[in-house]
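Observations on the three-dimensional arrangement
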Amino acid sequence: MKDKAFDLLLVLAGVCIVLLAGGIVYALVSESLPALDRFGFFGFMTGTEWSDHGHAYGALPFITGTLLTSVLALLICVPFSMAVALFNGEYYRGTKVARALSLIVDLLAGVPSIVYGLWGFYTLAPILKVLGVNGTGFGVLLASFVLAIMIIPYASSLSAEFISMVPNDLKESAYSLGTTKSETILSVSLPVAGSGIFASYILAFGRALGETMAVTMLIGNTNVIPTSLASTGNTMASVIANQFGEAIGLKLSSLFAVGLLLFLITAVINFVAKFIIKRLSGK
């Protein structure tokens, strides 16, 4: 009876997750229909104008801003997070220093995004001003840099776990053949843990895609396609956060459509990532 009750509980939990996902999709699609009927799906996705006066709404500036800041943040994140992961998971695994660093990384992962936004605005932005980079929001580069700092704890902690799970027998076999520490990491540890490390960066990338408050405070909130890293712009999450409270009618529907596109982009990235992970792991 206990096994049957537990099985029933698992089935109910799975059904609830499916219903929750279906409810999210239904809400986004139903509220987006007026905008999609007016502009068309591809017309809305490729539209470059977002104007209340002309009642013309297009999501391309926000799609561009989202992908630009997220990809740049991931590129900045990779070398720093990989260094921390190798430090904790390979070179100093199990030591007090590694445990202390892991604790700091975990604390940084729990810092609210608005705190990162405040730190970027009042600490990094003045530095950029001194360097000659000015603007109402200090542009894509600052938002991407703060995003990178936000996702480094996620990528590094998960990557360190996967690196530390590489069997010692494999590494000792490499050492017996005369390889150095760095050669063993490159030829054994990283390839074996490769699928897990890749998954950790996909999770970090997903965090960057949906980040709202820190980006809203730093990117400048202009409804145009960024032309450089110093340009201001908007992301899909930040435009919703900025304008949802006062939006009505077609504009409100357009913001729901932006949310639907963000949902679809995230789903596609996760699907592609799972496919690549399966190929890397040989399953």
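To be clear, the structure that these remarks concern was listed above.
Residues numbered from 1 in each chain as written. Predicted model: local features only at pLDDT ≥ 70, side-chain atom pairs only at ≥ 80, totals over all residues. Heavy atoms only, no water.

1. Some remarks on the overall build of the chain
Within the chain one finds twelve helices and two strands. Its helices and strands taken in sequence order, the chain reads α-α-β-β-α-α-α-α-α-α-α-α-α-α from the N to the C terminus. Within the chain, buried positions represent 39% of all 283 residues. Of the contacts formed within the chain by residues at least 6 apart in sequence, a portion of 71% connects residues at least 24 apart. (Helix = DSSP H or I, 4+ residues; strand = E, 2+ residues; numbered from the N terminus. Buried < 20%, exposed > 50% of the residue type's maximum accessible area, 1.4 Å probe, protein only. Contact = heavy atoms within 4.5 Å.)

2. Things to note about the pattern of salt bridges
Considering all chains together, one arrives at four salt bridges under this definition. Notably, a salt bridge pairs Lys-251 with Asp-52, separated by 3.2 Å at the nearest N-O pair. Of this pair, Lys-251 sits in helix H12 (residues 249-281) while Asp-52 sits in the loop between strand E1 (50-51) and strand E2 (56-57), placing them 199 residues apart in sequence. Residue Lys-251 is classed as buried on the basis of its relative accessible area of 10%. Judged by relative accessible area, which is 38%, Asp-52 ranks as partly exposed. Residues joined by salt bridges that share partners form a network here, namely Glu-90, Lys-171 and Lys-181. (Salt bridge = Lys/Arg side-chain N within 4 Å of Asp/Glu carboxyl O.)

3. Looking at helix H8 (residues 181-192)
For H8, which comprises twelve residues, the first-to-last C-alpha distance of 15 Å matches the rise-based estimate of 16 Å (1.5 Å per residue) to within 8%. When H8 is considered as a whole, its buried residues turn out to be Thr-184, Ile-185, Val-188 and Ser-189. Projection of H8 onto a plane perpendicular to its axis shows the buried side chains occupying an angular sector of 125 degrees, all on one side. Structural note: H8 exposes Leu-186 and Pro-191 on the side pointing more than 90 degrees away from its buried face. For H8, the secondary structure elements touched by its buried residues are helix H3 (60-91) and helix H7 (168-176). (Expected span 1.5 Å × (residues − 1). Arc of directions from axis to C-beta.)

4. Considerations on the packing of helix H6 (residues 139-164) against helix H9 (residues 194-210)
The contact between H6 and H9 brings their axes to 8 Å, and the two run at 160 degrees. In terms of orientation, H6 and H9 fall into the roughly antiparallel class. The hand of the H6/H9 crossing is right-handed. For the pair H6 and H9, the contacting residues are Leu-147, Met-150, Ile-151, Tyr-154, Ala-155, Leu-158, Ser-159, Phe-162 and Ile-163 in the first and Gly-196, Ile-197, Ser-200, Tyr-201, Leu-203, Ala-204, Arg-207 and Ala-208 in the second. For the contact of H6 with H9, a count of residues per class yields 13 nonpolar, three polar and one charged. (Axes fitted to C-alpha atoms, helices over the stretch in contact; angles between N-to-C directions. Parallel < 35°, antiparallel > 145°, perpendicular 65-115°, else oblique. Left-handed = near helix turned anticlockwise from the far one by under 90°. Nonpolar A, V, L, I, M, F, W, Y, C, P; charged D, E, K, R; others polar.)

5. Here we look at a nonpolar patch on the surface
On the surface, Leu-20, Ile-24, Val-25, Val-29, Leu-33, Phe-41, Phe-42, Phe-263 and Leu-264 cluster together into a nonpolar patch covering about 740 Å² of accessible area. Looking at the nonpolar patch, the elements that each hand over two or more residues are helix H1 (2-39), helix H2 (41-46) and H12. Within the secondary structure, Phe-42 is located in helix H2. (Patch = residues over 30% accessible without salt bridge, like charges linked within 9 Å, V, L, I, M, F, W, Y side chains within 5 Å. Areas by Shrake-Rupley, 256 points an atom, 1.4 Å probe, with all protein chains shown as cover.)

6. Here's the deal with the nonpolar core
Counting 34 residues, the largest nonpolar core has Val-146 and Ile-163 as its most contacted members. For this core, the secondary structure elements donating two or more residues are H3, helix H5 (113-130), H6, H8, H9 and helix H10 (213-218). In terms of residue count, H6 provides more of this core than any other element does, twelve residues in total. Filtering out sequence-adjacent residues up to four positions away, Val-146 remains in contact with Tyr-116, Trp-119, Gly-120, Leu-124, Ala-214 and Leu-218. Counting residues in hydrophobic clusters, the runner-up holds 20 residues, among them Tyr-57, Ala-257, Val-258 and Leu-260. (Core = buried A, V, L, I, M, F, W, Y, C linked by side-chain atoms within 4.5 Å.)

7. As for the side chain of Thr-69
Here Thr-69 is to be found in helix H3. Engagement of the side chain of Thr-69 in a polar contact is seen with the backbone oxygen of Gly-65, the distance being 2.8 Å. Setting aside anything within four residues of it in sequence, one finds Thr-69 in contact with Val-140, Ser-144, Leu-147, Ile-219 and Thr-235. (Polar contact = N/O pair within 3.5 Å; in protein donor to acceptor, adjacent residues only side chain to side chain.)

8. A closer look at the packing of H7 against H8
Helix-helix packing is described using two parameters, namely the angle between the two axes and the distance between the axes. Their axes nearest at 10 Å, the elements H7 and H8 cross at an angle of 145 degrees. Handedness of the crossing formed by H7 with H8: right-handed. Residues Leu-170, Lys-171, Ala-174 and Tyr-175 of H7 pack against Lys-181, Thr-184, Val-188, Ser-189 and Val-192 of H8.

9. Some thoughts on the packing of aromatic side chains
Following the criterion strictly, the structure yields eight aromatic pairs and no others. For the ring pair Phe-39 and Tyr-57, a centre distance of 6.4 Å and an interplane angle of 80 degrees mean the geometry is edge-to-face. A residue pair is termed long-range when its members are at least 10 positions apart, and Phe-39 in helix H1 and Tyr-57 in strand E2 qualify at 18 residues. Ring geometry for Trp-50 and Phe-62: centres 5.0 Å apart, planes at 80 degrees, overall edge-to-face. In this pair, Trp-50 is assigned in strand E1 and Phe-62 in helix H3, connecting sequence segments twelve residues apart. Both residues of the pair, Trp-50 and Phe-62, count as buried. These aromatic residues form a ring-pair network of at least three members: Phe-39, Phe-44, Trp-50, Tyr-57 and Phe-62. Above the plane of the ring of Tyr-91 lies Lys-181, whose end atom (NZ or CZ) is 5.7 Å from the centre. (Phe/Tyr/Trp six-rings, centres within 6.5 Å; stacked < 30°, edge-to-face > 60°. Lys NZ or Arg CZ within 6 Å of the ring centre and 35° of its normal.)

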